[in-house]
Amino acid sequence: MTERERIRELYGKGQLPPEEYAPLIDERNPEEAEYLFSLARERCHAVFGDEVYLRAIIEFSNYCASDCNYCGIRRSNGKAERYRMSREAILTCAGRAHSFGFRTVVLQSGEDPAYSDEEICGIVRDIRREFPEMAVTLSIGEKSRESYQRYYDAGADRYLLRHETASFSLYKRLKPANQLLENRIRCLLDLKSIGYQVGAGMMLGAPYQQTDDLVQDLLFLRQLQPEMIGIGPFIPHKDTPFRDFPAGTVELTLFMLGVLRLMFPEALIPATTALGTLDPKGREKGILAGANVIMPNVSPVENRGKYLLYDGKICTGEDAAMCSACMERRMAAIGRTISRSRGDAPGWEKKDRAAGC
Ligand code: SAM
Ligand code: FES
């Protein structure tokens, strides 16, 4: 058996150690990628069948205290037109998502200190009370363990916090000096131990990223065992320090989606909006490479064009109803059905929560 055949056999069984993925990534070619995707689809189908889960994302504030070098809503971007949604507006938006059949709402924002823990808990409780069958996912950045516990006790089920990169040196180049990878990891471990379904992930083709950094990501993810893994290509934003770097590629993103599906057969893995931004069929290709989640934007149309993390972001015009119908059509065209369930991670059960917030 050649070295190549040995590697193929091991990754086919999901048994290739992350440190051995480097040659596979470096020497990938279209034929190898197709083989990987066919294995990834098989693995995904064995766990989830043909169903794709929808998550309604509400981008409720684009204020951010942080200053990530890649991000269009970073604090130093004085050109970003800022907005914040009220508790009532968020609830109305969640209600619309519910009426279109969404059973998960993702509340995402910059690191916005204007929302106190009480307010976040109040928003989570409102949604859970009005729509008990709907899961609430938070994606509001780095917080203390106590805050995470309070949101969980208020009814939040899941938390998305991409680790961005597991390489300490690359992290320093992507983030402001006062932000440490140690704290990001601390957050993810706290979220895990509290009982959340946790989402981590990284950008692909981020400036300065090397294959070894991706291997670090795979090693980190293997240790963390997140229930959700969000990856997407880096796309430059014209008003950030990374404006002149090239975007990551759809091709590498798809390849890594396939790799991740083989390593994590039970994970919920979205085909992201960034993928759809670089390629009109990017999300369909993502699903066919091993992803099983789509996250349509249901934010009010007047805010959508302001949550601009990168240039050219798609779906900034449509209404939530359109997004839902559009996704249904797109998934049907590739032989997938949209699940109307909450779509929790297999085997996940909420740990008891304390009373109140
Ligand atoms: N503040 C929260 C956080 O930091 O987790 C959530 C919002 S943050 C904007 C959501 C994700 O957008 C980040 O984790 C990052 O991976 C992604 N993102 C930001 N800028 C991007 C860019 N230029 N290209 C691709 N993805 C980007
Ligand atoms: Fe804060 Fe991007 S820098 S969300």
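The following paragraphs examine the structure supplied in this document. (Residues numbered from 1 in each chain as written. Chains lettered and ligands numbered in written order. Predicted model: local features only at pLDDT ≥ 70, side-chain atom pairs only at ≥ 80, totals over all residues. Heavy atoms only, no water.)

Concerning the overall build of the chain
So, step 1. On a plain count of helices and strands, the chain comes out with 14 helices and eleven strands.
So, step 2. Taken over the C-alpha trace, the chain has a radius of gyration of 19 Å; the compact-globule value for 357 residues is 21 Å, and the two agree within 12%.
So, step 3. Projected onto its principal axes, the C-alpha positions of the chain cover 60 × 40 × 40 Å.
So, step 4. Looking at the 357 residues of the chain, the share that counts as buried comes to 59%.
So, step 5. If you take every contact in the chain between residues at least 6 apart in sequence, the share linking residues at least 24 apart comes to 75%.
So, step 6. Summed over all atoms, the accessible surface of the chain reaches about 14200 Å², with 52% contributed by carbon and sulfur.
So, step 7. Between the averaged position of the 48 positive side-chain charges in the chain and that of its 50 negative side-chain charges there is a distance of 3 Å. (Helix = DSSP H or I, 4+ residues; strand = E, 2+ residues; numbered from the N terminus. Rg over C-alpha atoms; globule rule 2.2 N^0.38 Å. Buried < 20%, exposed > 50% of the residue type's maximum accessible area, 1.4 Å probe, protein only. Contact = heavy atoms within 4.5 Å. Areas by Shrake-Rupley, 256 points an atom, 1.4 Å probe, with all protein chains shown as cover. Lys, Arg positive; Asp, Glu negative; His and termini not counted. Charge placed at Lys NZ, Arg CZ, Asp CG, Glu CD.)

Brief notes about the site of ligand 1
So, step 1. Taken together, 19 residues are adjacent to ligand 1, and Tyr70, Ser109, Arg162, Glu164 and Ile235 come closest.
So, step 2. Within the side chain of arginine 162, an N or O atom sits 2.9 Å from an oxygen atom of ligand 1.
So, step 3. At 2.5 Å from an oxygen atom of ligand 1 is found a side-chain nitrogen or oxygen belonging to glutamate 164.
So, step 4. For ligand 1, whose free accessible area comes to 550 Å², the fraction covered by protein is 92%. (Near = heavy atom within 4 Å. Polar contact = N/O pair within 3.5 Å; in protein donor to acceptor, adjacent residues only side chain to side chain.)

Re the pattern of salt bridges
So, step 1. Under the defined criterion, the tally for this structure stands at 28 salt bridges.
So, step 2. Across the pair arginine 8 and glutamate 32 runs a salt bridge whose closest N-O atoms are separated by 3.4 Å. Here arginine 8, found in helix H1 (residues 3–12), pairs with glutamate 32, found in helix H3 (residues 30–48); they are 24 residues apart in sequence, far enough to count as distant.
So, step 3. When its relative accessible area of 26% is taken as the criterion, arginine 8 is described as partly exposed.
So, step 4. Linking lysine 13 and glutamate 9 is a salt bridge whose minimum nitrogen-to-oxygen distance equals 3.2 Å.
So, step 5. When its relative accessible area of 48% is taken as the criterion, lysine 13 is described as partly exposed. (Salt bridge = Lys/Arg side-chain N within 4 Å of Asp/Glu carboxyl O.)

Structural notes on unusual backbone geometry
So, step 1. Positive phi, close to 75°, is recorded for tyrosine 208, a residue that is not glycine.
So, step 2. Along the chain, tyrosine 208 turns up in the loop between strand S7 (203–204) and helix H9 (211–224).
So, step 3. By relative accessible area, which is 37% here, tyrosine 208 ends up partly exposed.
So, step 4. Notably, cysteine 315 is not glycine yet its phi reads approximately 60°, a positive angle.
So, step 5. For cysteine 315, the location among the structural elements is in the loop between helix H13 (301–304) and helix H14 (320–333).

Examining the environment of asparagine 183
So, step 1. Mapped onto the elements of the fold, asparagine 183 is located in helix H8 (residues 181–194).
So, step 2. A sequence separation of 103 residues divides asparagine 183 from glycine 286, and the C-alpha atoms of the two residues are 30 Å apart.

What about the environment of threonine 240?
So, step 1. Structurally, threonine 240 is set in the loop between strand S9 (232–233) and helix H10 (250–263).
So, step 2. Among the residues examined, threonine 240 registers a relative accessible area of 1% and is labelled buried.
So, step 3. For threonine 240, the residues in contact, after removing those within four places along its chain, are Asn69, Tyr70, Cys71, Gly72 and Arg74.

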